[in-house]
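Results of the structural survey
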Amino acid sequence: MASKYLSRRAFVRLGLGAGVLGASAGLGLWWLRGTAPEVQGLGVLSAAQYRTLAALSQVHLPPCPSIAISGVDLDLARLFDTYLFDQPPADQSEAQLALQLVEYGPLLFDHRLVTFSNLSADQQLAHWTGWSRSSNATRREIYWSFARFFGLAFYDQERVWPAIGYPGPSLARLQK
Amino acid sequence: MSEIVDCSQWGAAAQPPDMRCEVLVIGSGCGGATAARVLAQAGRRVIVLEEGGDFVGPGRLTQRDLAMYDQVYADRGGRTTACRSISVLSGRVLGGGGVINACDVVPIADETWATWRKYFGIDAFSASDIAAATQRALTDLSANPIAEEQVNKNNQILRRGSQALGWRGELMRHNRVDCKGLGSCLIGCPVGAKRNPRMVSIPLALQAGAQILTRARAEQIRDVRGRQKTVTVRCLDAKGYREGATFRVIADVVILAAGPVGTTTILKTSGLGSAALGRFVSLQPQIPITAVMPEVVNAFDGIPQAYAVTEFERHDDQRGLTGFRIEPIFGTPGVIGSLVSEPGAAGKALMAQLPHFAAALLLLPDEPLAQIRRNWRQQLRIEYQFTEDYRSRARQAIQAAARVYLQAGAQVVAVPTCPALTIRSERDLAQIDKISLDPATLPLISAHQQGGARMGPDAETSVCDLDGRVRGGRDIFVMDTSVFPTTSSSHTMAPVITMAHLLAGRLAAHWPQTAS
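Residues numbered from 1 in each chain as written. Chains lettered and ligands numbered in written order. Predicted model: local features only at pLDDT ≥ 70, side-chain atom pairs only at ≥ 80, totals over all residues. Heavy atoms only, no water.

Our next topic: the pairing of strand 16 (residues 320–323) of chain B. Residues and elements named next belong to chain B. Here strand 15 (residues 313–316) runs beside strand 16; their pairing, made up of four bridges, is antiparallel. Its bridge partner lying in strand 16, Asp316 is registered against Gly320. Where strand 15 folds back onto strand 16 in an antiparallel hairpin, the turn is made up of three residues. (Pairing = 2+ DSSP bridges. Helix = DSSP H or I, 4+ residues; strand = E, 2+ residues; numbered from the N terminus.)

Our next topic: the side chain of Thr417 of chain B. Residue and element names in this part refer to chain B. With respect to the secondary-structure elements, Thr417 resides in the loop between strand 21 (412–415) and strand 22 (421–423). Thr417 gets classed as buried once you look at its relative accessible area, which sits at 9%. Here the side chain of Thr417 touches Pro419 through a polar contact of 2.8 Å, landing on its backbone oxygen. Ignoring any residue separated from it by four or fewer positions in sequence, one finds Thr417 in contact with Ser341, Glu342, Ile435, Thr441 and Leu442. (Buried < 20%, exposed > 50% of the residue type's maximum accessible area, 1.4 Å probe, protein only. Polar contact = N/O pair within 3.5 Å; in protein donor to acceptor, adjacent residues only side chain to side chain. Contact = heavy atoms within 4.5 Å.)

Turning our eyes to something else, we now look at the interface of chain A and chain B. Contact residues are listed per partner, giving 48 residues for chain A and 53 residues for chain B. Both sides together, the interface formed by chain A and chain B hides about 4100 Å², and carbon and sulfur atoms give 57% of it. Linking chain A to chain B there are six salt bridges. Between Arg173 of chain A and Asp301 of chain B there is a salt bridge, with its nearest N and O atoms 2.9 Å apart. Our count for the chain A to chain B interface comes out at 24 residue pairs in polar contact (both at pLDDT 80 or more). Ranked by residue count, the leading element in the side of chain A that touches chain B is helix 7 (residues 137–155) of chain A, at 11 residues. For the side of chain A that touches chain B, the class distribution of residues is 27 nonpolar, 11 polar and 10 charged. (Buried area = accessible area lost by both parts, 1.4 Å probe. Salt bridge = Lys/Arg side-chain N within 4 Å of Asp/Glu carboxyl O. Nonpolar A, V, L, I, M, F, W, Y, C, P; charged D, E, K, R; others polar.)

All names here are of chain A. Per the domain assignment, the segments of chain A are domain 1 (7–35) and domain 2 (37–164). Here the C-alpha centre of domain 2 lies 30 Å away from the C-alpha centre of domain 1. Facing six residues of domain 1, the contacting portion of domain 2 comprises 10 residues. For the domain 1 and domain 2 pair, buried surface summed over both sides reaches about 640 Å², with 59% attributable to carbon and sulfur atoms. For the domain 1 face of the interface with domain 2, the top three residues by lost area are Leu29, Leu32 and Arg33, together amounting to 86%. Between domain 1 and domain 2 we count zero salt bridges in total. (Domains from an automatic or database assignment.)

Okay, structure coming up:
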């Protein structure tokens, strides 16, 4: 009669198997994501997270006829990193986790063997739009967190104002 | 005359001196500043702690979104409910919410007082006490009606549309004096036109000898049942990001006025409060709605909120204020951009029409069902459940606002859902019934948090007694919007100043025998 307990050998085999599987999955994810170019002067984000966020800012605020300046032109990803640097560690970790989810979003939610940064611009827009309309509340929460930041940071920039017809802070206009 | 001391001068290495006072007030907003001033004028030695900095004048109030949200709002403007559906906005600046609000003066209605008396046992204030305290609040605020010539195009459009529909509305009262119509009220008035606590009660408190400490965060009250309470205070750096040295303030009386989130947090940390602490919170989530008009509106200039559609505001005998009201709103471009729901070129194309925007907020009083808690990592969590009643009123409010704007000639009315709901004619209004209001489907805004340390005669369902005294502690009081049992008004500035006059006036008149 077989023992209902695992033998020591079986336990070790199982452990090794799980380890190999985990390492393979990790390597697979790393390979899928690819190497992000090095970025100087980041406070919190890794180069890969910066790349994800930069892609996200570009897809959220792309260059277009109405407003030519884009999220990447204003380096919103670095602005977010600067903001994050002064946030509590728990908030930093949460934001980093959110960026990981976005990066692996196509794999996790669309079951495609590709990561966000490696999608084409059109595919990125379709995927990111999917987050905003998702039935999954966490994806919508992440969407709105970044959308709010991008909107606030982008339209606060003087370079954007001429395109949106904002003449600048009213006190300076009053004093002219 | 006393002075304002900036505690950021003490780095982590330096040790600030401990302090003593009769009254320590935690929070310098409408409740705290009023209480501090009343008690200082009554001859008490008062210290006020404020976590934020002192922002006065154009050099500090710059009319720029990122910098101002970072510095004058709690959690750098990033505080939300746990479900991320609602931005929970409150001031973190000397003068508190009064520095960053839209200046609307709407006192507590007689019907609300009647509800509180009948269903929540708040019978400690006579009609004449209430009338006198309300009058004092209105005087503090220099409350005055907004003049016709101050009504900007954004407000005129809402009035035009609602009047065409035959709906009731009114020009509101405000607390601006010599307003220049700069339009950046939500990130502070650089010319000091707001008669807010920073401009009224704080100078009066200083004149009466109160000492004000900025960049000073109260962390915990110790010896809560002792005659003298010790409050541990953490100095923050110049921007309020990082913690520095700690010191102690020893006080006979402690008054909490840090808003529902701050007050609840300090009471919890201090081991005070009943099971009701952090419960019965009302957030009044407001819904933004935008219309694109054929004419240039330039809503970013002028007084943002001047006219209110009050046709649908109701009073329920048991629940208090209900229904909804529609009020125009606008701000600087960053805050408007943060509410755009569509990603990509569609969102930008909408923002490119900014000068043609008319915009409003739909103000919906809610039932006090939210909770302020801390999770296992001791992180703040504000939990909110949308009731069916709220969802139903929200859809009615969106319909009503859309009808007003269509009536006023809007080309498109945009509701910032995902996907954005665009209404071009009355035929499209039926789509509004499909709005789910599920978490994170619409960017909602809470500017009027109330409850969490509600007052009442019953220890099971309230935290404070009818004097605002926290049960289980000795001479520890709450004097901010936390004490309200239900939503007090569509705008909380006048209500909280009224309540602070009532409670601080009573404390000054009946100084605890056991205190010094």
